[in-house]
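Structural overview
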Amino acid sequence: MYKILSRTNLTDIIIKMEVEAKRVSDRCLPGQFVIVRCSEDGERIPLTICDYDREKGTIVLVFQIVGASTKVMAELKEGDSFTDIVGPLGMPSELCEMDIEELKKLNLVFIAGGVGTAPVYPQVKWLKEKGIKADVIIGARNKDLVILEDDFKNVAENVYVTTDDGSYGRNGNVCVCLQSLIDEGKTYDKCIAIGPLIMMKFAVQLTKKLGIPTIVSMNPIMVDGTGMCGACRVHVGDEIKFACIDGPEFDGWLVDFDEAMRRQTMYKTEEGRKMLELEEGATHHGGCGNC
Amino acid sequence: MEVDVMKKVPVREQEPLVRAKNFDEVCYGYTLEEAQAEASRCLNCKNAQCMKGCPVSIDIPGFIQQIKEGNIEEAYNIISKSSALPAVCGRVCPQETQCEGKCIRGIKGEAVSIGKLERFVADYAMEHGLKPRKENEPNGIKVAVIGSGPSGLTCAGDLAKKGYDVTIFEALHQAGGVLVYGIPEFRLPKERVVAKEIENVKALGVKIETNVVVGRSVTIDELLEKEGFRAVFIGSGAGLPKFMNIPGETLNGVFSANEYLTRSNLMKSFREESPTPIMKSKKVAVVGGGNVAMDAARTALRLGAEVHIVYRRGEEELPARVEEVHHAKEEGIIFDLLTNPVEIIGDDKGWVKAIRCVKMELGEPDESGRRSPQAIEGSEFDIDVDTVIMSLGTSPNPLISMTTKGLEINKKKCIIAEENTGKTTRDGVYAGGDAVTGAATVILAMGAGKDAAKAIDEFIKG
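This section reports on the structure supplied with the text. (Residues numbered from 1 in each chain as written. Chains lettered and ligands numbered in written order. Predicted model: local features only at pLDDT ≥ 70, side-chain atom pairs only at ≥ 80, totals over all residues. Heavy atoms only, no water.)

Bringing the overall build of chain B into the picture now. Helix and strand counts for chain B stand at 19 helices and 16 strands. Each of the three principal axes of chain B carries a C-alpha extent, and together these read 65 × 60 × 50 Å. The burial tally for chain B puts 61% of its 462 residues in the buried class. Long-range pairs, those at least 24 residues apart, make up 69% of the contacts in chain B between residues at least 6 apart in sequence. Accessible surface computed for chain B: about 18800 Å², of which carbon and sulfur atoms make up 49%. (Helix = DSSP H or I, 4+ residues; strand = E, 2+ residues; numbered from the N terminus. Buried < 20%, exposed > 50% of the residue type's maximum accessible area, 1.4 Å probe, protein only. Contact = heavy atoms within 4.5 Å. Areas by Shrake-Rupley, 256 points an atom, 1.4 Å probe, with all protein chains shown as cover.)

Here it is in structure tokens:
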């Protein structure tokens, strides 16, 4: 069960795996996620589905090493198996529910940041299959952290890579990139932003100003992922939603990102302690995929 | 040993102040000698009232007579005809309102300790490798059961005994439902008791597929139309936690009892080496007065916190079992009764620092017969805590009803099902347990699973 058919390092800390998970690949749609465990006593880790092959019965997972559990997961090799994979969980992307002809009329832009670039891929691929065009902005701290650029070139209308330090593609963060595209004369009717919370927060501030409705994908702390624990509570406007069953995608203009960032730190010291136990003193910084 | 016929033979328990610091089982259970002494108190009534109080109608006087005579294996055979989970029921059933509540001995003295005797027999059976017996040869007809909690396991076990090819679909990575994620180790040991009873159900031929969220991974329509199942039983429980909708509920340090207990019980975060973290709290308020609230409170206590139960009604109205309240008090849980939270206060970093409450008084009885609590004006006060655990009950997950054609639910999102058969509004689909009733007890869910198994058998045989 859940055998790993291939494994690639996209960067030093971002890993891609193709895994057998027939029940997931049969039914999953862009926007949905799975929960995995990689050992008998392991933590339940939510991961967005990056790609799927219904015929082969496989899904593709992309994750970043951010804590003790993802570090253990990164040690899995081709031929090894996950102990558990459950899904697809959450609601499919709003795009999947929309009328195809209506979608074709829209100018769509995706903003993908860090490891959040991975869950953007199946959405753009799904659109391409339906004959719908979309632009994609891929943002990363530096050249070495840019992932899936070639994959996106096959499915997106235009791909704009931008790095914080200017070491590759355009210079600046995703907001700088979006603003300059607008300044260059581009118009967009809808934006889908997936990445670190801090990136989504600022992307949404900009799209509000630009008047571009924006969907974001939340990746909060979860235990079961089926609506049972409520750890993933997120304020969307005045309402409290469960990201696992009501989301993970929400109207970005309404999400309380400051609260989400605060809740993300709930177990930070404990995780740090577990990581240190695992690494004995080495100071490891997993990038900001999980700010 | 000497027996006072008016009183139960006392059962040995871990010392309160010792057990408050560990997760080992509180109650040790009877020895053979104690069980036989207690069994001797049974009057073996011809018209046994106790059986009428049992949702799965165990032949109670029958198995107790066998204990008296020392035939424990036969006692087990009698129980296992009616119950798939005797070691669980002997521990967590509310016997005082069921079998023991109707015991004739209870009129003048104390009822026979039926629960502890059931537990004794079940534990003996596990130690001696006794298994339930199959009644019929396999008939190859496939039936799907959704959820591996008490109702699902019971329904699956009964159908397998009748010869059906049963598959249970479980959403989590481990089978057992609330027995695994909800009820703590110190009340219901997971490996020694729950896992063994599930093994017994599997020994009847029941298959369990974990990691299947019905409604997402597969739908009921697909199970019936594509995977060849002739009937489906829904025992998916009541898993969605309720919150109070008061300010401050998304502060860091506010949890549902479901989350807190799932971390500790299913993910084993009470163990230092578990990769799943749990909040290291100093002072905890558990809001609510049911069994789940007691479980959450006693778990937090064992993890080293000072724990307050905050409940809006009085002691008599506590919905938890008397035994659980008694155990909680013995261990040092503080009960702030007639107290209701109105707000959770955070510090400047967004972590819980206090819970603001009002004092309550009881007014006239409401429709449920319970006296309804009313806030006393101007009685606001703060309890300094770093953690708040909301234990206000749960409701069924709408995922299955949302994704199944023709399956109707009521206003409370519970699946509509016939009382004695579990028959839903969709042909071939049956339901029982908390998914139908809303949060209730293990044994009521088992009773519903049992009734549905009988109805499914009749439906298939036409």
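What follows is about the overall build of chain A. Scanning chain A from N- to C-terminus turns up eleven helices and 15 strands. For 291 residues, the compact-globule estimate of 2.2 N^0.38 gives 19 Å, and the C-alpha radius of gyration of chain A, at 18 Å, lies within 12% of that figure. Taking the principal axes of its C-alpha atoms as reference, chain A extends roughly 50 × 40 × 40 Å. For chain A, long-range pairs separated by at least 24 residues make up 66% of all intrachain contacts whose partners lie at least 6 apart in sequence. Taken as a whole, chain A presents about 11800 Å² of accessible surface, with 48% of it coming from carbon and sulfur. Counting 34 positive and 45 negative side-chain charges, chain A places the centres of these two groups 1 Å from one another. (Rg over C-alpha atoms; globule rule 2.2 N^0.38 Å. Lys, Arg positive; Asp, Glu negative; His and termini not counted. Charge placed at Lys NZ, Arg CZ, Asp CG, Glu CD.)

On to the sheet that holds strand E12 (residues 214-217) of chain A, then. Residues and elements named next belong to chain A. Overall, mixed pairing links the seven strands, which are arranged E10-E9-E8-E7-E11-E12-E15 in an open sheet. Taken across any chain shown, the strands that pair with only one partner, and hence form the sheet edges, are strand E10 (170-171) and strand E15 (249-251). Sheet topology places strand E9 (residues 158-163) next to E10; two bridges connect them, and they run parallel. In the sheet register, Thr-163 faces E10, and the bridge partner there is Asn-171. (Pairing = 2+ DSSP bridges.)

Moving on: the interface of chain A and chain B. Taken together, the contact pairs 41 residues of chain A with 46 residues of chain B. With both sides pooled, the region where chain A packs onto chain B buries about 3700 Å², and carbon together with sulfur makes up 52% of that total. The salt bridge partner of Arg27(A) is Glu222(B), with a shortest N-O separation of 3.0 Å. Taken together, chain A and chain B are joined by 19 residue pairs in polar contact (both at pLDDT 80 or more). Counting residues per element, the ones that place at least two in the side of chain A that touches chain B are helix H1 (22-27), strand E6 (84-89), strand E13 (233-236), strand E14 (239-242), helix H10 (257-264) and helix H11 (268-279) of chain A. (Buried area = accessible area lost by both parts, 1.4 Å probe. Salt bridge = Lys/Arg side-chain N within 4 Å of Asp/Glu carboxyl O. Polar contact = N/O pair within 3.5 Å; in protein donor to acceptor, adjacent residues only side chain to side chain.)

Moving on to helix H10 (residues 150-161) of chain B. Residues and elements named next belong to chain B. The end-to-end C-alpha separation of H10 is 16 Å, in line with the 16 Å expected for twelve residues at 1.5 Å each. Inspection of H10 places Pro-150, Ser-151, Gly-152, Leu-153, Thr-154, Cys-155, Ala-156, Gly-157, Asp-158, Leu-159, Ala-160 and Lys-161 among the buried residues, and these make up the whole buried set. A positive phi of about 105° marks Gly-163, the residue just after H10. (Expected span 1.5 Å × (residues − 1).)

The next point concerns the environment of Glu149(A). Considering the arrangement of structural elements, one finds Glu149(A) in helix H6 (residues 149-155). The exposure class of Glu149(A) is buried, given its relative accessible area of 15%.

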